[in-house]
4 protein chains.
Amino acid sequence: MRGLMKTARGPGNLELKEIDEPRPKKDEVLIEVAAAGICGTDIHIKHDQAFYTPPVVLGHEYSGKVVEIGPDVSQVAVGDLVVSPATQYCGICYQCKTGHMNRCTAEGKKILGTSLANGGFAKFLTAPEYIIHKIPQGVSMEEAALAEPTACVVHSVIEKSPIIPGDVVVVQGPGTMGLLAAQVAKSMGAGKVILTGVSADQWRFDIAKKIGVDMTIDVQVDSDPVKTVMNESDGRGADVVIEASGACIACNQALDFVKVAGHVTLLGIRGQSLDIDLDIMAIKELTMSGTWGTLPSSWVTTLRLMASKKIDVAPLITHRISLAEWEKGFELMESQKAIKVLFTEFD
Amino acid sequence: MRGLMKTARGPGNLELKEIDEPRPKKDEVLIEVAAAGICGTDIHIKHDQAFYTPPVVLGHEYSGKVVEIGPDVSQVAVGDLVVSPATQYCGICYQCKTGHMNRCTAEGKKILGTSLANGGFAKFLTAPEYIIHKIPQGVSMEEAALAEPTACVVHSVIEKSPIIPGDVVVVQGPGTMGLLAAQVAKSMGAGKVILTGVSADQWRFDIAKKIGVDMTIDVQVDSDPVKTVMNESDGRGADVVIEASGACIACNQALDFVKVAGHVTLLGIRGQSLDIDLDIMAIKELTMSGTWGTLPSSWVTTLRLMASKKIDVAPLITHRISLAEWEKGFELMESQKAIKVLFTEFD
Amino acid sequence: MRGLMKTARGPGNLELKEIDEPRPKKDEVLIEVAAAGICGTDIHIKHDQAFYTPPVVLGHEYSGKVVEIGPDVSQVAVGDLVVSPATQYCGICYQCKTGHMNRCTAEGKKILGTSLANGGFAKFLTAPEYIIHKIPQGVSMEEAALAEPTACVVHSVIEKSPIIPGDVVVVQGPGTMGLLAAQVAKSMGAGKVILTGVSADQWRFDIAKKIGVDMTIDVQVDSDPVKTVMNESDGRGADVVIEASGACIACNQALDFVKVAGHVTLLGIRGQSLDIDLDIMAIKELTMSGTWGTLPSSWVTTLRLMASKKIDVAPLITHRISLAEWEKGFELMESQKAIKVLFTEFD
Amino acid sequence: MRGLMKTARGPGNLELKEIDEPRPKKDEVLIEVAAAGICGTDIHIKHDQAFYTPPVVLGHEYSGKVVEIGPDVSQVAVGDLVVSPATQYCGICYQCKTGHMNRCTAEGKKILGTSLANGGFAKFLTAPEYIIHKIPQGVSMEEAALAEPTACVVHSVIEKSPIIPGDVVVVQGPGTMGLLAAQVAKSMGAGKVILTGVSADQWRFDIAKKIGVDMTIDVQVDSDPVKTVMNESDGRGADVVIEASGACIACNQALDFVKVAGHVTLLGIRGQSLDIDLDIMAIKELTMSGTWGTLPSSWVTTLRLMASKKIDVAPLITHRISLAEWEKGFELMESQKAIKVLFTEFD
């Protein structure tokens, strides 16, 4: 089979290579990939700007069908439609024992599509049974390929952000994570979700409206976005602000948007330090949380919400291409012309 | 009587002025001050670097005896020994209704010793009954004058920081707030409290040892304080870091000291923005909290802990002077030669 | 004016009496009642089965218009449309200082319509400004009369029950509290709300369907309600069970309906002890919470949810009558032929 | 080797049998037992009153030294001194995925000393690596044998009960669990721990005093224990009550001891239903929690607290005997003449 592989360190070094079809180890399942999405991290790996261990087949957002199981596998069967997180965990280290499997510190930890384990940009991949989740009825294979980013957002928002029904929530950045965060906030009962972006995001705002965002703010057009947020929140500010843009300026603005005794959730990554007045954390009596990846519980909640359509990821899938067209897919993402590009053919 | 009054905006403008003795309004009590501490905020007001409304008698950390009560006062009696927070609250605004009386937004809000209400740097002051707390047996009047800063720390640490028994806690900055934070962390069962400071803080470290701090780090001498903290925490980092120094560099170091999935508490105020890599919040899955002042519940807990000596503020009282010597008191604080300076004579 | 007054202890002693129109004290407002609902507690007071201090005009679920204000009132104006909790609080006692104003222990505490303060079963009543909340746009005066029971449910469910999006929630008892609890659970994102009742509740089940309940169980017809709940929850049991029936048998069943590591919320009152196996609390690792009345924050959330129609109380108003017809109103409630009976004329 | 084995269902059927020494599977370690405690559950199994699967060597509270490891074991080495929970978990089921490994629902789940896995009442036992915890320096092998019951209490009290510094905590029942709960509450900063028992518990009260209990109440002598608790808590009641006696009457009394807005922790098991007025849960706005066993995190905290002597289990070890004397050991426990009986010789 052919896999889209990062072959070596450095910018580029990405190519479609012929590799052996994998076979499941005793506690693993062999999965035929149905759909796999290109993530911002894949772009960063291409440009040598993120953690990875080459050579490795990329692709950690995927769905597929189990076609073979190892002899020790007991709860997953051939024919099951499945998804999984990328990151494996040992269950033994301090972080695992204290409930933070997403930050497992085991040496040689495998991360599908990133480090020491090939990912879903190929016809087949293998994964250990314990990280597998079955796709519930009513969720298509294409939608299921977005379970991974959705679970990241569920972890950050449902598991770590104190949103209560009726809250005003500002989401900064209308990319995949922002659009998912808006929906997850709505699923918690947010009364008004305000999405911020720039003028080039107008087409994203149109999608945002379809998935339930109440209001959008183009921060390049609105002369005083903070005032707008205040007006939309009885002069108090947003109960919770979710930073999903990765822009430094947005991080500062988050502290202005948020109400006294509110909460700021950091979903975006800036890739650099920033200049910020953290005294506001004290003066406004704020809390802030950052999260990384997912817990097993995040997947349980994610799949339940996807099955009931409380979260509808379909509008985020803007492009479907074959793996052979991978360069086009990466170009769409890098030029910010796509929200989610899925590979749906792998031959 | 004479009161130490900030007479007008601008640097300085601080003088001991003859003013009329106050009389309690119907819901107020008249308090004869027993002791009143100089706070960093008083220094900032002197230098026109904090919020205040002149003219106003300074002093918001005080203890005293009730000598007269207004006709509507029902739960406080003449002769009661009392303390109170500085900040009054309306009970009606959104912040009050949602449990954040410390951030009451009422117009014309009175803050003892700061804005629209004279404070404790005088023989007498008045305060409304509803903010009064009685001093429990076993707490001296001098100790009680430290109830206000202690309650600020109790709010920040007990009410907002997730310390569990056995935790390694780093406190940055051996001033009043840091030394109180160390004791409060200990009261929650912290197994190891590590206090950081600079070489000039050696005498403060000596006091720290007396109040139960397990270890001190002079960050000007230790070539790798982060490594030291890691060594003291089985290589994991501190469970909770409490930033009480107000130094920008400490704020950055807090993110390095803290373990994955740990918490950073912001007690100190920098008075400026800083350059910081907040990606660490996500990468290490951290939470951060800032707090401002106290809730009524903070005082209930504070006085209980002071009565049982779980918190012992006596070693923090380094100087006792008369109000007439106020310039000496301010000089001691500004030159960082004192921890807490108390006025104990007011004639 | 005439007020429906409990004149003395004992069963009955309820009569429409001519009384003086009240005048607001300096910190009070005078309210012309628009609508007032009959609560189960009013029935209990009639039968001498609840706490009350006669003589007192009943009625603690009301809405009205401010027609006069006392001289110290600053945030409420004549013409404002308002609601309020029944229970006043001192702000001074231990319970108030620790955030439990709903359990204020002040001597002589006034409870509108119950003890030491006349209620809303009359043309006018007075209330202190600090307990008043303004009715937001889009909420009718009749709907607003249900803000009080809604706030009780918001306190119990949003403020004390750990429901997350997608959860299966069982609500026991299709009375006012149960129907409100179902909606409040939905507002938190509950994926499936199952309402239990008896055969005589069929007409209530019809209303339940209109307000979003996903499924109803007639426990007199279903031969194995626990099995039904298990089937509806992938064999796990309900994530949260809200007991709103006041029936002893329901309380036992709650422990069977709930999943391992789930939560049971006690909204109903039985008026008697019951035989129950609390070992299940340990074996299933459960949590349980009971609540009483409302906090100020409960009202902030309630009115926001009513304004956005996330909670729609209109379908619960089954009867509107004049105060003169009070006997009919009480009979409707006692014979369980009504959900909410409102008095809407008071002359 | 000889193991104390429950050979078949029914009362009795307990005998010291010659069995083969076990060998570790690939992911297991072989442990030479140093000490093993008799638990109340062992007594219940003897009398056929608890869950178990015969034939099985009893003993789930143990410490030992690793003498052999399977080929897949990576983090534990021969010579390591270790303890472990009894209950294994699959990591795959809904309960495991949502963080409740203590309630794993895997078919064929192994529980050391209880079901499908021989326990520590023998010279050797095997356990899978992932449940193993290393004994920290400063904890003796005898003390370590009490890590299992201590971890159960840490889970129930530290992980599930809202104790804050200065709190008044009532612990009901001076058995092993109650005496551990008292210490764990103290480790969280409890200001006053009151232990209740009966007249026959006088010798247990003496031990309680040694481990830091502030006050004991003999409920057979004190004519009004509720009044006593009120007097000891400024008339408010205990902030938290921990029921560790398993007596029905204590469960009722817990609701009387606890303050308004307090918490009741259920550690004890009654083995029967009881008559109780749960309306108090609502009237007093209470929360209640029950727990079962331990989470991995419970062990991390337990061993840290034992290492620092914040929890000192040594005074609870009242008897040390050889396995050959097992009948004497069981008799000591059944006649309530012992707190903890340890087997320390196994030949």
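Residues numbered from 1 in each chain as written. Chains lettered and ligands numbered in written order. Predicted model: local features only at pLDDT ≥ 70, side-chain atom pairs only at ≥ 80, totals over all residues. Heavy atoms only, no water.

### Structural notes on the packing of aromatic side chains
Thinking step 1. Evaluated as defined, the whole model comprises 12 aromatic pairs over all chains.
Thinking step 2. Ring centres of phenylalanine 121 of chain A and phenylalanine 343 of chain A lie 4.9 Å apart, and the angle between their planes is 85°; on these two criteria the pair is classed as edge-to-face. Of this pair, phenylalanine 121 of chain A sits in the loop between strand E8 (116-117) and strand E9 (124-128) while phenylalanine 343 of chain A sits in strand E19 (residues 340-345); the two residues are 222 residues apart in sequence, bridging distant segments of the chain.
Thinking step 3. Classification of phenylalanine 121 of chain A as buried rests on a relative accessible area of 0%.
Thinking step 4. Positioned above the aromatic ring of tyrosine 52 of chain B is the side chain of arginine 9 of chain B, whose terminal nitrogen or guanidinium carbon lies 4.8 Å from the ring centre.
Thinking step 5. Here arginine 236 of chain B stacks its cationic end above the ring of tyrosine 94 of chain A, 3.7 Å away from the centre of that ring. (Phe/Tyr/Trp six-rings, centres within 6.5 Å; stacked < 30°, edge-to-face > 60°. Helix = DSSP H or I, 4+ residues; strand = E, 2+ residues; numbered from the N terminus. Buried < 20%, exposed > 50% of the residue type's maximum accessible area, 1.4 Å probe, protein only. Lys NZ or Arg CZ within 6 Å of the ring centre and 35° of its normal.)

### Description of the side chain of threonine 265 of chain C
All names here are of chain C.
Thinking step 1. Locating threonine 265 in the fold gives a position in strand E15 (residues 258-266).
Thinking step 2. Of the polar contacts made by the side chain of threonine 265, one reaches the side chain of serine 161; its length is 2.6 Å.
Thinking step 3. At 3.5 Å, the side chain of threonine 265 and the side chain of histidine 263 are in polar contact.
Thinking step 4. Excluding residues that lie within four positions of it along the chain, threonine 265 makes contacts with Ser156, Ser161, Val240, Val241, Ile242, Glu243 and Ser289. (Polar contact = N/O pair within 3.5 Å; in protein donor to acceptor, adjacent residues only side chain to side chain. Contact = heavy atoms within 4.5 Å.)

### Section: the packing of helix H4 (residues 147-157) of chain D against helix H5 (residues 176-187) of chain D
All names here are of chain D.
Thinking step 1. Viewed as axis vectors pointing N to C, H4 and H5 meet at an angle of 55°, and their least axial separation amounts to 9 Å. It follows from the interaxial angle that H4 and H5 lie oblique. Both H4 and H5 take part in a crossing whose hand is right-handed. Residue-level inspection shows Pro149, Thr150, Cys152, Val153, Val154 and Val157 of H4 in contact with H5, the latter providing Thr176, Met177, Leu180, Ala181, Val184 and Ala185. (Axes fitted to C-alpha atoms, helices over the stretch in contact; angles between N-to-C directions. Parallel < 35°, antiparallel > 145°, perpendicular 65-115°, else oblique. Left-handed = near helix turned anticlockwise from the far one by under 90°.)

### Quick look at the domain arrangement of chain A
The figure often quoted for interface size is the accessible area lost as the parts come together.
All names here are of chain A.
Thinking step 1. Per the domain assignment, the segments of chain A are domain 1 (2-149 + 294-345) and domain 2 (160-290).
Thinking step 2. Facing 14 residues of domain 1, the contacting portion of domain 2 comprises 11 residues.
Thinking step 3. There are zero salt bridges connecting domain 1 and domain 2.
Thinking step 4. Residues that form the side of domain 1 that touches domain 2 fall into these classes: eight nonpolar, two polar and four charged. (Domains from an automatic or database assignment. Salt bridge = Lys/Arg side-chain N within 4 Å of Asp/Glu carboxyl O. Nonpolar A, V, L, I, M, F, W, Y, C, P; charged D, E, K, R; others polar.)

### Regarding the interface of chain C and chain A
Thinking step 1. The interface is formed by 17 residues belonging to chain C together with 17 residues belonging to chain A.
Thinking step 2. Contact between chain C and chain A buries roughly 1300 Å² in total, counting both sides, with carbon and sulfur atoms accounting for 54%.
Thinking step 3. Broken down residue by residue, the surface that chain C buries against chain A is led by Pro165, Arg304 and Lys310 of chain C, which jointly contribute 42%.
Thinking step 4. The interface formed by chain C and chain A holds four salt bridges in total.
Thinking step 5. Between aspartate 239 of chain A and arginine 304 of chain C there is a salt bridge; the shortest N-O distance is 3.3 Å.
Thinking step 6. Counting across the interface, chain C meets chain A through eight residue pairs in polar contact (both at pLDDT 80 or more).
Thinking step 7. Tallying contributions element by element places helix H10 (residues 296-307) of chain C first for the side of chain C that touches chain A, with three residues.
Thinking step 8. Taken together, the residues that form the side of chain C that touches chain A break down as seven nonpolar, five polar and five charged. (Buried area = accessible area lost by both parts, 1.4 Å probe.)

### Some details on helix H11 (residues 326-334) of chain A
Residue and element names in this part refer to chain A.
Thinking step 1. Considered for burial, the residues of H11 that qualify are Trp326, Gly329, Phe330, Leu332 and Met333. Summarising the axial view, the buried residues of H11 lie within an arc of 155°, below the 170-degree limit, and thus occupy one face.
Thinking step 2. Along its buried surface, H11 packs onto strand E1 (2-6), strand E2 (14-18), helix H1 (40-46), strand E18 (317-322) and E19.
Thinking step 3. Directly beyond the C-terminal end of H11, a positive phi value near 60° is found at glutamine 336. (Arc of directions from axis to C-beta.)

### With respect to the interface of chain A and chain B
Thinking step 1. At the junction of the two partners, chain A supplies 36 residues and chain B supplies 36 residues.
Thinking step 2. Carbon and sulfur atoms make up 54% of the area that chain A and chain B hide from each other, which totals about 3200 Å².
Thinking step 3. In terms of surface lost to chain B, no three residues of chain A exceed Tyr94, Leu278 and Glu285 of chain A, which account for 20% of the buried area on that side.
Thinking step 4. Our count for the contact surface shared by chain A and chain B stands at two salt bridges.
Thinking step 5. A salt bridge links aspartate 279 of chain A to arginine 270 of chain B; its shortest N-O distance comes to 3.2 Å.
Thinking step 6. Summed over the shared surface of chain A and chain B, the result is 23 residue pairs in polar contact (both at pLDDT 80 or more).
Thinking step 7. Secondary structure elements with two or more residues in the side of chain A that touches chain B: helix H2 (94-97), strand E15 (258-266), strand E16 (274-276), helix H9 (279-283) and strand E17 (287-290) of chain A.
Thinking step 8. In the sheet, E16 of chain A pairs with strand E16 (residues 274-276) of chain B via three bridges, with the strands oriented antiparallel. Bridging from a neighbouring strand, aspartate 275 of chain A pairs with aspartate 275 of chain B of E16 of chain B. (Pairing = 2+ DSSP bridges.)

### Comments concerning the relation of the copies chain A and chain B
Thinking step 1. Laying chain A over chain B is done by rotating through 180° and shifting 0.0 Å along the axis; what remains is an RMSD of 0.0 Å. Put plainly, the chains are arranged around a two-fold axis. Taking the C-alpha atom as reference, chain A places aspartate 275 of chain A closest to the rotation axis, 2.2 Å from it.
Thinking step 2. Here 100% of the interface residues in chain A have copies in chain B that are interface residues too; the copies meet face to matching face. (Least-squares fit on C-alpha atoms with pLDDT ≥ 70 in both.)

### Some thoughts on the sheet that holds E15 of chain A
Thinking step 1. Across the sheet, which stays open at both edges, the 12 strands sit in the order E13(A)-E12(A)-E11(A)-E14(A)-E15(A)-E17(A)-E17(B)-E15(B)-E14(B)-E11(B)-E12(B)-E13(B) with mixed pairing between neighbours. Lying at the two open borders of the sheet, with one neighbouring strand each, are strand E13 (215-218) of chain A together with strand E13 (215-218) of chain B. Strand-to-strand twist of the sheet, defined as the mean angle between neighbouring strand axes without regard to direction, takes the value 20°.
Thinking step 2. Pairing analysis gives three bridges linking E17 of chain A to strand E17 (residues 287-290) of chain B, with the strands arranged antiparallel. By the bridge assignment, methionine 288 of chain A is partnered in E17 of chain B with methionine 288 of chain B.

### Notes on a positive patch on the surface
Thinking step 1. Among the surface-exposed residues, Lys25 and Lys26 of chain A together with Lys25 and Lys26 of chain D lie close enough to one another that they form a single positively charged patch.
Thinking step 2. Within the secondary structure, lysine 26 of chain D sits in the loop between strand E2 (14-18) and strand E3 (28-37). (Patch = residues over 30% accessible without salt bridge, like charges linked within 9 Å, V, L, I, M, F, W, Y side chains within 5 Å. Areas by Shrake-Rupley, 256 points an atom, 1.4 Å probe, with all protein chains shown as cover. Lys, Arg positive; Asp, Glu negative; His and termini not counted. Charge placed at Lys NZ, Arg CZ, Asp CG, Glu CD.)

### Concerning the pattern of salt bridges
Side chains that differ in charge, positive against negative, can pair when their charged atoms come close.
Thinking step 1. All chains considered together, the criterion is met by 60 salt bridges over all chains.
Thinking step 2. Residues aspartate 239 of chain B and lysine 259 of chain B are paired through a salt bridge, measuring 2.7 Å at the closest nitrogen-oxygen approach. Highlighted residues: aspartate 239 of chain B in strand E14 (residues 238-243) and lysine 259 of chain B in strand E15 (residues 258-266), separated in sequence by 20 residues.
Thinking step 3. Judged by its relative accessible area of 5%, aspartate 239 of chain B falls in the buried class.
Thinking step 4. Residue lysine 259 of chain B is classed as buried on the basis of its relative accessible area of 11%.
Thinking step 5. As a salt-bridge pair, lysine 340 of chain C and glutamate 61 of chain C come within 2.8 Å of each other at their nearest N and O atoms. Of this pair, lysine 340 of chain C sits in strand E19 (residues 340-345) while glutamate 61 of chain C sits in strand E5 (residues 61-69), placing them 279 residues apart in sequence.
Thinking step 6. Given the relative accessible area of 2%, lysine 340 of chain C is considered buried.
Thinking step 7. Judged by its relative accessible area of 2%, glutamate 61 of chain C falls in the buried class.
Thinking step 8. One connected set of salt bridges, linked through shared partners, spans Asp167, Asp239 and Lys259 of chain A together with Arg304 of chain C.

### Notes on the sheet that holds strand E14 (residues 238-243) of chain D
Thinking step 1. Overall, mixed pairing links the 12 strands, which are arranged E13(C)-E12(C)-E11(C)-E14(C)-E15(C)-E17(C)-E17(D)-E15(D)-E14(D)-E11(D)-E12(D)-E13(D) in an open sheet. Strand pairing shows two members of the sheet lacking a second neighbour, strand E13 (215-218) of chain C together with strand E13 (215-218) of chain D, which therefore form its edges. Between one strand axis and the next, the sheet turns by 20° as a mean value, whatever way the strands run.
Thinking step 2. In this structure, strand E11 (residues 168-172) of chain C lies alongside strand E14 (residues 238-243) of chain C, joined through four bridges in parallel fashion. Its bridge partner being in E14 of chain C, valine 169 of chain C is matched across the sheet by valine 240 of chain C.

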